[in-house]
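So the chains spell out like this:
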Amino acid sequence: MKTPANDRDHPESSGEQTVTMPAVPAVKEDFDSGAPRDAAEPADAEQAEQAEAEPAESEPAEAEAAAKADQAEDGGEDAEDAEDLPGEALQTLTTALNQLRESVINLRFGLELPGVEEARKAREEILAQLEDYVLPRVRVRTAPALIVVAGSTGAGKSTLVNTLAEKNVSRTGVRRPTTGVPVLVCHPDDRRWFAEGDLLAGLKRIEQPSRDAGSGSLVVVATEKLPQGVALLDTPDIDSVVEEHHDIAHRLLDAADLWIFVTTASRYADAPAWQLLRLARERAVRLAIVLSRVQPRARETVLKHFVRMLTEYGMGEVDRFVIEESKVTDGRLPDSEVTDLRMWLAELSVDEQRRALAVRQTLNGVLDSFRTRVPALAKHLESQVAFRAGLRKDVEAAYVTAASKVDAAARDGSLLRGEVLARWRDFAGSGDLLRTVHLRGRAQRQMPERLVAFRTALRVGLESLITSTATRASEEVAARWRRRSELGQTLVEGLDRPSEDLVRRANRAVTAWQEHVTELIRTEGVAKRSVSKVVSFDAESLALIFMVGLFGGSSDGVPQRLVKALLGAESLRGIAAKSMSDLRARIGMLFDEEAMRYVRVLDAAGIPDESAATRLYQATYNLEVSR
């Protein structure tokens, strides 16, 4: 039974207008009695309500004229919006929507940060709504209106649809959930649009439900009992225990032009019901509410409370219908219980302007919602980019510090300690140091064993310096990532130590560097003219002596003085610069390879496109301009 809202108590808000049906006098119910009133004047309010009811029954022509006047006044501006856009404007809007779709479809949220599941779900919802509803509706605005019938478990949605269709199109029963496959009912003349059109194109059309049909299917049924221009869509429960049903229900809601929300006298105050109503309010969806299974003796009490809740929630002007507790026969209610709802559908059918306004209101609400929903995606993407950049910065900082430590140790003499220092002293004190320089013409002997041992000790010492510094760098990266979040702790698992082949690679790098220094001594270390006439030197031996001086070893300055005396200051400076530059490059390559382990982990988790957020903001702006 239709329960019109009281215009005096509840001024009509944008997009929520009271439906008037002058051809069939409405049975007045005190549905709005739950709205706040002046406690001192309850009788006056009732008298005023009765005074409003009498002219509606005795003077239908005047009521119809008033209704048309109200409609013209309230919907004048919206009526202009309901008209089809010019071809150029429509093309601009379609282009902006396609641009938004392309920006959303390529989004990837790879890092498991707080809120990522919500962001992924929001992306899927926006993409589905663009493809299932917005783009098809923009292309063909004159298509029939799709009215989704939604509600909680056991609210009687399928029974209501069967009654309105006068045909058992949707399965009913006490077993929950009952509706697993959505069912769309329409007039035969509208069937082609829903069976072959782009609306909800992702759902497979079938003629009747079967065991093999999942929630990815859509049953399309035609019946002449529904008026042309409107279609009803019976959805799975919004609070279904089956997650798949819950998801498809919300997808169908996003693809509908109007919502009929069905709840019961015992469950209208439940959280799922108000979550759906809140969503409808946020999206500015054209909405009607059916309160079913109302006991006649509790009718007044229930309605007062329900209307009070709606009014406080800012939805006091929503179209409302009441269905009393009735016997369900063969899956249907008595037809008298849905007379007013049937007339409401008929009015939408015959009044193209009213239907266009309702569709336009919902479409505008969806487009308006993109103003906040799309930037929210961009912000989460920015947080992904920022988090990944922070992790990369941790890696870079750790290995830059490690390279600096190796460079400092190579210059301050700390490398020439322990075994390296012992081997140097053994070599220098045995006389082998001076034997490496011999008078020209004297036969060159084999490299002394002490010099070979010193060369090995120097190589091992440099390798140890590199590997120990790399170990501290990996530990530092792991510590920093763990401090950032649980995700960092997960990502760095197994990366808190150097790679297993670092020692082998370090050995190869240091050996290659020693050979490079020897080659520099041989090719560029031309002895001073006054010295070269008298003595010659062994390049490998002199290269080792040069390395001692390069690493700041021997406090007595013997290596520096000896090499400088043989090669000259200018030649020595050139060789020293090239040697240190080559050593830094080789160590840098080692550390870069170590750092790449962390980069690969981040890449495997998903690389957020740093420009994607900008594209989302731009697409949102372009959409606003196109409207």
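Relevant structure appears above.
Here is a short report on the structure shown in this document. Values in this document were obtained by computation on a predicted structure and should not be read as measured data.

## Description of the overall build of the chain
Alright, step 1. When its secondary structure is counted, the chain shows 21 helices and ten strands.
Alright, step 2. Looking at the chain as a whole, 50% of its 627 residues are labelled buried.
Alright, step 3. When the accessible area of the chain is evaluated, it comes to approximately 30,000 Å², of which 49% is carbon and sulfur surface.

## Observations concerning the side chain of Arg373
Alright, step 1. Mapped onto the fold, Arg373 is located in helix α11 (residues 352–411).
Alright, step 2. The side chain of Arg373 is buried and forms no salt bridge, while Glu125, the nearest opposite charge, is found at 4.7 Å.
Alright, step 3. Of note is the side chain of Arg373, whose polar atom sits 2.8 Å from the side chain of Gln129.
Alright, step 4. For Arg373, the residues in contact, after removing those within four places along its chain, are Glu125, Ile126, Gln129 and Arg283.

## Looking at the pattern of salt bridges
Alright, step 1. Applying the stated rule across the entire model yields 38 salt bridges.
Alright, step 2. We note a salt bridge from Glu166 to Lys225, for which the minimum N-O separation is 3.8 Å. Here Glu166, found in the loop between α5 (157–165) and β2 (183–186), pairs with Lys225, found in the loop between β4 (217–222) and β5 (230–234); they are 59 residues apart in sequence, far enough to count as distant.
Alright, step 3. Here Asp351 ties to Arg354 by a salt bridge, and the two come within 3.8 Å at their closest N and O atoms.
Alright, step 4. Under the relative-accessibility criterion, Arg354 is labelled buried at 5%.

## So, the nonpolar core
Alright, step 1. Judged by nonpolar contacts, the single largest core of 73 residues is most densely connected at Leu97, Val134, Leu184, Trp259, Leu287 and Phe370.
Alright, step 2. When residues of this core are assigned to their parent elements, the largest contribution, nine residues, is made by helix α4 (residues 116–139).
Alright, step 3. Those residues in contact with Leu97 that sit more than four places away from it in its chain are Leu130, Val134, Leu135, Val138, Leu367 and Leu623.
Alright, step 4. One finds Leu451, Ile466, Phe551 and Leu572 within the second-largest nonpolar core, a separate group that totals 58 residues.

## Focus on the packing of helix α3 (residues 87–105) against α4
Alright, step 1. Close contact between α3 and α4 brings their axes to 10 Å; oriented N to C, the two are set at 160°. Taken together, the axes of α3 and α4 are roughly antiparallel relative to one another. Here α3 and α4 pass one another in a crossing that is left-handed. Here Leu90, Leu93, Thr94, Leu97, Asn98, Leu100, Arg101, Val104 and Ile105 of α3 lie close against α4, whose contacting residues are Arg123, Ile126, Leu127, Leu130, Glu131, Val134, Leu135 and Val138.

## Considering the packing of helix α14 (residues 449–484) against helix α16 (residues 502–524)
Alright, step 1. Running from N to C, α14 and α16 cross one another at 135°; their axes reach a closest spacing of 9 Å. In terms of their interaxial angle, α14 and α16 are classed as oblique. Between α14 and α16 lies a crossing whose hand is right-handed. Where α14 abuts α16, its residues Arg455, Leu458, Arg459, Leu462, Glu463, Ile466, Thr467 and Ala470 lie against Leu502, Val503, Ala506, Asn507, Val510, Thr511, Trp513, Gln514, Glu515 and Thr518.
Alright, step 2. Residue classes in the contact of α14 with α16 are distributed as nine nonpolar, five polar and four charged.

## Considerations on unusual backbone geometry
Alright, step 1. A positive phi angle is found at Ala284, which is not glycine, with a value near 55°.
Alright, step 2. Residue position: Ala284 is located in the loop between α8 (271–283) and β7 (286–294).
Alright, step 3. Look at Ala284 and you get partly exposed, because its relative accessible area is 34%.
Alright, step 4. Even without being glycine, Asp330 reaches a positive phi, approximately 55°.
Alright, step 5. Examined against the element boundaries, Asp330 turns out to sit in the loop between β8 (319–324) and α10 (339–350).
Alright, step 6. Note on Asp330: relative accessible area 54%, which makes it exposed.

## Observations concerning the environment of Glu317
Alright, step 1. Within the secondary structure layout, Glu317 lies in the loop between α9 (299–312) and β8.
Alright, step 2. Residue class for Glu317 comes out buried when judged on its relative accessible area of 4%.
Alright, step 3. Sequence-wise, Glu317 and Val307 are ten residues apart; in three dimensions their C-alpha atoms are separated by 9.6 Å.

## Considerations on the packing of aromatic side chains
Alright, step 1. Under the criterion given, the structure shown has nine aromatic pairs.
Alright, step 2. With a centroid separation of 5.9 Å and an interplanar angle of 65°, the aromatic rings of Phe321 and Trp344 are classed as edge-to-face. Placement of Phe321 in strand β8 and of Trp344 in helix α10 is noted, with a sequence separation of 23 residues between them.
Alright, step 3. Relative accessible area serves as the criterion here: at 2%, Phe321 is assigned to the buried category.

Parameters and conventions
- Residues numbered from 1 in each chain as written.
- Predicted model: local features only at pLDDT ≥ 70, side-chain atom pairs only at ≥ 80, totals over all residues.
- Heavy atoms only, no water.
- Helix = DSSP H or I, 4+ residues; strand = E, 2+ residues; numbered from the N terminus.
- Buried < 20%, exposed > 50% of the residue type's maximum accessible area, 1.4 Å probe, protein only.
- Areas by Shrake-Rupley, 256 points an atom, 1.4 Å probe, with all protein chains shown as cover.
- Lys, Arg positive; Asp, Glu negative; His and termini not counted.
- Salt bridge = Lys/Arg side-chain N within 4 Å of Asp/Glu carboxyl O.
- Polar contact = N/O pair within 3.5 Å; in protein donor to acceptor, adjacent residues only side chain to side chain.
- Contact = heavy atoms within 4.5 Å.
- Core = buried A, V, L, I, M, F, W, Y, C linked by side-chain atoms within 4.5 Å.
- Axes fitted to C-alpha atoms, helices over the stretch in contact; angles between N-to-C directions.
- Parallel < 35°, antiparallel > 145°, perpendicular 65-115°, else oblique.
- Left-handed = near helix turned anticlockwise from the far one by under 90°.
- Nonpolar A, V, L, I, M, F, W, Y, C, P; charged D, E, K, R; others polar.
- Phe/Tyr/Trp six-rings, centres within 6.5 Å; stacked < 30°, edge-to-face > 60°.

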